[in-house]
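Here is how the chains run, residue by residue.
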Amino acid sequence: MILTLVLLPLLAGLAAFFLRHDGARRALLLLTAMGHSCLTALAWVQRPPAALDDWLLLDAPGLLFLSVTSGLFLMISIYALGYLRREDWGRREDFEEGFLFTNAREPSFTGCLLIFLGMMTLVTVSQHFGLLWVAVEATTLASAPLIYFHRHSRSLEATWKYIMICSVGIALALLGNFFLAVASTLGEREHVPLLLASLVGRAQSLHVLWFKAAFIFLLVGYGTKMGLAPMHTWLPDAHSESPSLVSALLSGALLNCAFLAIFRVQQVAVAAGEGQFGRDLLLGFGLLSMAVAAAFIVRQANFKRLLAYSSVEHMGILSLAMGLGGKADFGAMLHLVNHSLTKGMLFLVAGNILSFYRSKSTADVQGVTRMLPISGVLWVAGFFAITGSPPFGTFMSELVILKSALDQGRTVVAVAYLAILCVVFVGMGAIVLRMAQGMPRESAENSSGLREGAARLALSPWPGGESGLSFFPPMLLGAAALLLGLYVPPPLWRILGEAAQAVGVQ
Amino acid sequence: MALWLDTLVVLIILTNLKLLGSSRLRACIQVVAFQGILLSLVPMLAGAGHLTPRIVALALLTMTVKGVIFPWLLLRVLRTANVHREMEPFVSYTTSILVGVGLLAASVWMGRQLPLPVPSQSPLVVPLALFNTMVGLFVLVSRRKALTQVLGYLVMENGIYAFGLAFALEEPLLVELGTLLDVFMAVFIMGIMIFHINRELDHIDTDRLSVLKD
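Residues numbered from 1 in each chain as written. Chains lettered and ligands numbered in written order. Predicted model: local features only at pLDDT ≥ 70, side-chain atom pairs only at ≥ 80, totals over all residues.

**As for the overall build of chain B**
Let me state the cut-off plainly: Helical segments are the DSSP runs of H or I of at least four residues, strand segments are the runs of E of at least two, and each set is numbered from the N terminus. Our radius of gyration looks at C-alpha atoms and nothing else; its globule reference is 2.2 Å times the residue count to the power 0.38. The exposure label follows from counting other C-beta atoms within 10 Å of a residue's C-beta, where the C-beta atoms are placed from the backbone and the thresholds are 20 or more for buried and 12 or fewer for exposed, leaving partly exposed in between.
Scanning chain B from terminus to terminus reveals seven helices and zero strands. Taken from N to C terminus, the helices and strands of chain B fall in the order α-α-α-α-α-α-α. Scaling as 2.2 N^0.38, a compact globule of 214 residues should have a C-alpha radius of gyration of about 17 Å, and chain B matches this with 18 Å. Dimensions along the principal axes, computed over C-alpha positions, put chain B at roughly 50 × 35 × 35 Å. Out of the 214 residues belonging to chain B, those deemed buried represent 46%.

So, in structure tokens, the structure goes:
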């Protein structure tokens, strides 16, 4: 069952490379996403047995991360149907710099998308640190071609930075893995195997100094992938240049996968009695990421980069919450779900705005609620959701984290956390609301785009002429984010608690 | 055995210094390929004479990937890009070698701070891993050409791999193969990216990839 979960998207991905018929390939994408979600849902009913000598196992954190990934991917594959249909596959003009470019071929795009899902699934079910590393690196490799979908110099630059920075970061994590192997040496030729369960079980016999070195390398390595400052520099470039549905996947699923890797290491640290060492580091990286992100959000002139920096901020919140520990661990788990839903929604809506206005500049885009009534409302709602306003789920999770900081008497952390959240709220609010209101500006550059967009949209039956495939997925994601703010279903509550328990003080 | 291992480690260290002092890209690729071949011999010697089929197979595979496939791929990229020298690196070659010697001293010192819990075949393997990692990172930040940066990544990975080969001998084969496959795919994709960069922009200077910023 676990093997099926991993192999289904992998095999479908390979098949997609060779399927010539566009309709069949798109159907394959959707069917695979649905199959994957169904299998994931089955795992909620009955936890599948371990596979491959306990190397693959779905524990509570794994199931949580897997469900987020699978659900988001399903929404994105629905969105992709509309996206792939309306993409212009010939040579066309870039709207920022005016040169001509083409897209990558659709089969390789769909294929990489599915393989990417398979690798992220492998990350969530891996119990062996070596295999986990292999899977995380493979997600980088599978997603690089996705970022280079629009074949022009900017996306090329973004892809180059992405693959270099992440590969180097992940290489450091590999060194961390080997340090962990040294730390788990018992005698002349005897090792504790690098399986999570055995490391946690025999954590007391780990060599402390080597374990600490391993922790630092693993944190920095996987932290690069997760987008923690100061290793986050690839993130805004990759998110702004890739197609919006890929950005949504990177932000809502890939960053989580890297976070899960750090989470696993912290599990071992807690068991080894070094939990506080790990928490202090996580807290520092978390606060720094939040602060750096806030500084770039306030003066951001590109709305996709704005969302990317918001991801850095939220990864910072997750790291900070893990750093606080206690009740905040639960907050981190809840926040992770909320962030993925909300950010997925925002990136998809950003894609709708981008395809209508043909500009990523926050100054050029005005009057979104007037031109695109549904996307416009979703855009504003998404802003409130991502900044943690009630009644959205993020409000709850951010509140849990704040309360935990205050309960622990860490006033300085709590004040800094609140201050940064306020700065982000004001900074993002000014930009997003300005985009939503007013009338679109007819400048020489964007007028043809606007007219073309309006003509295309007039053919659709929905208000404002939007296409259903482009707004239903983000709407559903937004609805889920709203629901989590009002009511967390008991099974989810249980899994969140179980996951938080894994890094709880023993 | 220990003597042979030490010799191997010293040779790998020398290849790093050679890399830091070379401006010709072809020579750089060959040096890194040679380093890869030396590296593949490490598990044979570190295993204290136990030559199991598994170790031999792993060594041969490593040798093929790092000593044959990578240089072939990178030389091909070099030909299409039609670039021969690393012109005006951010840090000059003489300074680079001096930095290299400094890094070597630093890694020996750091290696002493981390005493191994088990007696090892060679006391130089931990410093070697750290040295290669630091040289790789240094090459990554001090050179302009995309190709040299890939070499920096490879050197860094070589060092980490050497550490793994020498100590994590009990690592399951699946993980070793997965790691090798990932590195192979990474270099392969980087090679393709350089090819595209060259076709799109007519250069492979990474410092000129600077359109995206805040």
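Having seen the structure, we can now continue with the description.
**As for the overall build of chain A**
Stated formally: For every residue pair, C-beta atoms are placed from the backbone, and the pair is scored as a contact if these atoms sit within 7 Å.
For chain A, the count of helices and strands is 20 helices and three strands. Taken over C-alpha atoms, the radius of gyration comes to 22 Å for chain A, in line with the 23 Å a tight globule of 506 residues would show. In chain A, which comprises 506 residues, the proportion classed as buried is 61%. For chain A, the share of sequence-separated contacts (at least 6 apart) that also reach a separation of at least 24 residues comes to 79%.

**Section: helix 16 (residues 393-407) of chain A**
Residue and element names in this part refer to chain A. The condition is simple: Helix span, expected: 1.5 Å multiplied by one less than the number of residues in the helix.
The terminal C-alpha atoms of helix 16 lie 21 Å apart, and with 15 residues this matches the ideal 21 Å at 1.5 Å per residue to within 8%. Of all the positions in helix 16, only Gly393, Thr394, Met396, Ser397, Glu398, Val400, Ile401, Leu402, Ser404 and Ala405 are classed as buried. Glycine 409 sits one or two positions beyond helix 16 and adopts a positive phi of about 75°.

**Structural notes on the confidence of the model for chain B**
When pLDDT drops low, the exact placement of atoms in the prediction is not to be read closely. Residue and element names in this part refer to chain B. So the rule is basically this: Summary of the metric used: pLDDT quantifies the predictor's per-residue confidence within the range 0 to 100.
The predicted model of chain B has a mean per-residue pLDDT of 88, with 95% of residues at 70 or higher. For chain B, the element scoring lowest by mean pLDDT is helix 6 (residues 146-167), at 89; helix 4 (residues 93-113) scores highest, at 93. The ipTM assigned to the predicted complex is 0.94, against a pTM of 0.95.

**Regarding the pairing of strand 2 (residues 100-103) of chain A**
All names here are of chain A. We count it as follows: Pairing between strands is defined by DSSP: at least two bridges between them are needed.
As judged from the two bridges shared by strand 1 (residues 92-93) and strand 2, these two strands associate in the antiparallel manner. Along strand 2, the bridge assignment pairs glutamate 93 with leucine 100. Linking two consecutive strands that pair antiparallel, namely strand 1 and strand 2, is a turn of six residues; a positive phi of about 85° is found at glycine 98 within it. Sheet analysis places strand 2 next to strand 3 (residues 150-151), joined by two bridges and oriented antiparallel. The residue of strand 3 that forms the bridge with asparagine 103 is histidine 150.

**Some remarks on the sheet that holds strand 2 of chain A**
The sheet built from three strands is open, its strands ordered 1-2-3 (chain A) with antiparallel pairing. Taken across any chain shown, the strands that pair with only one partner, and hence form the sheet edges, are strand 1 and strand 3 of chain A.

**Some details on the environment of A:Ala50**
Residues and elements named next belong to chain A. For alanine 50, the position within the fold is in the loop between helix 2 (22-45) and helix 3 (60-86). Using a count of 16 C-beta atoms within 10 Å as the deciding quantity, one classes alanine 50 as partly exposed. For the pair formed by alanine 50 and leucine 3, sequence separation is 47 residues and the distance between their alpha carbons is 9.5 Å. Leaving out residues up to four positions away in the same chain, alanine 50 has contacts with Leu56 and Leu57.

**Quick look at the interface of chain A and chain B**
One widely used convention gives an interface's size as the accessible area the parts lose upon coming together. The condition is simple: As a working rule, the residues Ala, Val, Leu, Ile, Met, Phe, Trp, Tyr, Cys and Pro are called nonpolar, Asp, Glu, Lys and Arg charged, and the rest polar, with Gly in that last group.
In this complex, chain A contributes 34 residues to the contact, which on the side of chain B involves 37 residues. Of all the secondary-structure elements, those providing two or more residues to the side of chain A that touches chain B are helix 5 (129-147), helix 6 (153-183) and helix 8 (208-226) of chain A. Along the lines of polarity and charge, the residues of the side of chain A that touches chain B split into 21 nonpolar, seven polar and six charged.

**Overview of the environment of B:Thr80**
Residues and elements named next belong to chain B. Relative to the elements of secondary structure, threonine 80 occurs in helix 3 (residues 53-81). Put simply, threonine 80 and phenylalanine 195 are 115 residues apart on the chain and 7.4 Å apart in space, counted from C-alpha to C-alpha. Those residues in contact with threonine 80 that sit more than four places away from it in its chain are Phe195 and Asn198.

**Let's talk about unusual backbone geometry**
Looking along the chain, the bond that leaves A:Ala229 and enters A:Pro230 is cis, with omega of 0°. Within the secondary structure layout, A:Pro230 lies in the loop between helix 8 and helix 9 (234-241). Here the residue pair A:Pro390 and A:Pro391 is connected by a cis peptide bond, since its omega of 5° sits within 30 degrees of zero. On the secondary structure map, A:Pro391 appears in the loop between helix 15 (373-386) and helix 16. For B:Asp202, which is not glycine, the phi dihedral falls at a positive 65°. The class for B:Asp202 is exposed, based on 9 C-beta atoms found within 10 Å.

**Points about the nonpolar core**
What counts is decided by this rule: Any set of buried Ala, Val, Leu, Ile, Met, Phe, Trp, Tyr and Cys residues joined through C-beta atoms within 7 Å is what this text calls a nonpolar core.
Counting 259 residues, the largest nonpolar core has A:Val136, A:Phe179, A:Ala214, A:Leu249, A:Ala258, B:Leu147 and B:Ala162 as the members making the most contacts within it. In this structure A:Phe179 touches A:Trp210, A:Ala213, A:Ala214 and A:Phe217, once residues within four positions along its chain are discounted.

**Structural notes on the packing of helix 10 (residues 244-271) of chain A against helix 12 (residues 303-324) of chain A**
All names here are of chain A. Short version of the rule: To obtain an axis, a line is fitted to C-alpha atoms, over the contacting stretch when the element is a helix, and the angle between two such axes runs from 0 to 180 degrees between their N-to-C directions. We call two directions roughly parallel when the angle between them is under 35 degrees, roughly antiparallel when it is over 145, roughly perpendicular when it lies between 65 and 115, and oblique otherwise. Handedness of a crossing follows from how the near helix is turned relative to the far one, being left-handed for an anticlockwise turn of less than a right angle and right-handed for a clockwise one.
Interhelical geometry of helix 10 versus helix 12 gives an angle of 20° and a closest axis separation of 11 Å. As judged from the angle between their axes, helix 10 and helix 12 are roughly parallel. Viewed along their axes, helix 10 and helix 12 form a crossing whose handedness is right-handed. Contacts between helix 10 and helix 12 involve Ser247, Ser251, Leu255, Phe259 and Gln266 on the former and, on the latter, Lys304, Ser311, Met315, Leu318 and Met322. For the contact of helix 10 with helix 12, the class distribution of residues is five nonpolar, four polar and one charged.

**Some words on the packing of helix 13 (residues 327-357) of chain A against helix 20 (residues 490-502) of chain A**
Residues and elements named next belong to chain A. Direction vectors running N to C along helix 13 and helix 20 enclose 125°, while the axes themselves pass 8 Å from each other. It follows that helix 13 is oblique to helix 20 by the angle criterion. Crossing angle aside, the handedness with which helix 13 passes helix 20 is right-handed. Contacts between helix 13 and helix 20 involve Asp329, Phe330, Met333 and Leu334 on the former and, on the latter, Leu496, Gly497, Ala499 and Ala500. In terms of residue class, the contact of helix 13 with helix 20 is built from six nonpolar, one polar and one charged.

**Considering helix 6 of chain A**
The terminal C-alpha atoms of helix 6 of chain A, which comprises 31 residues, lie 45 Å apart, in line with the 45 Å expected from a rise of 1.5 Å per residue. Buried residues dominate helix 6 of chain A, accounting for 29 of its 31 residues.

**A word on the environment of A:Phe109**
Residue and element names in this part refer to chain A. With respect to the helices and strands, phenylalanine 109 occurs in helix 4 (residues 106-125). Overall, phenylalanine 109 belongs to the buried group, with 23 C-beta atoms counted inside 10 Å. When the C-alpha positions of phenylalanine 109 and alanine 142 are compared, they lie 10.0 Å apart, and in sequence the two are 33 residues distant. Other than its neighbours up to four places away in sequence, phenylalanine 109 contacts Ala104, Leu146 and Phe149.

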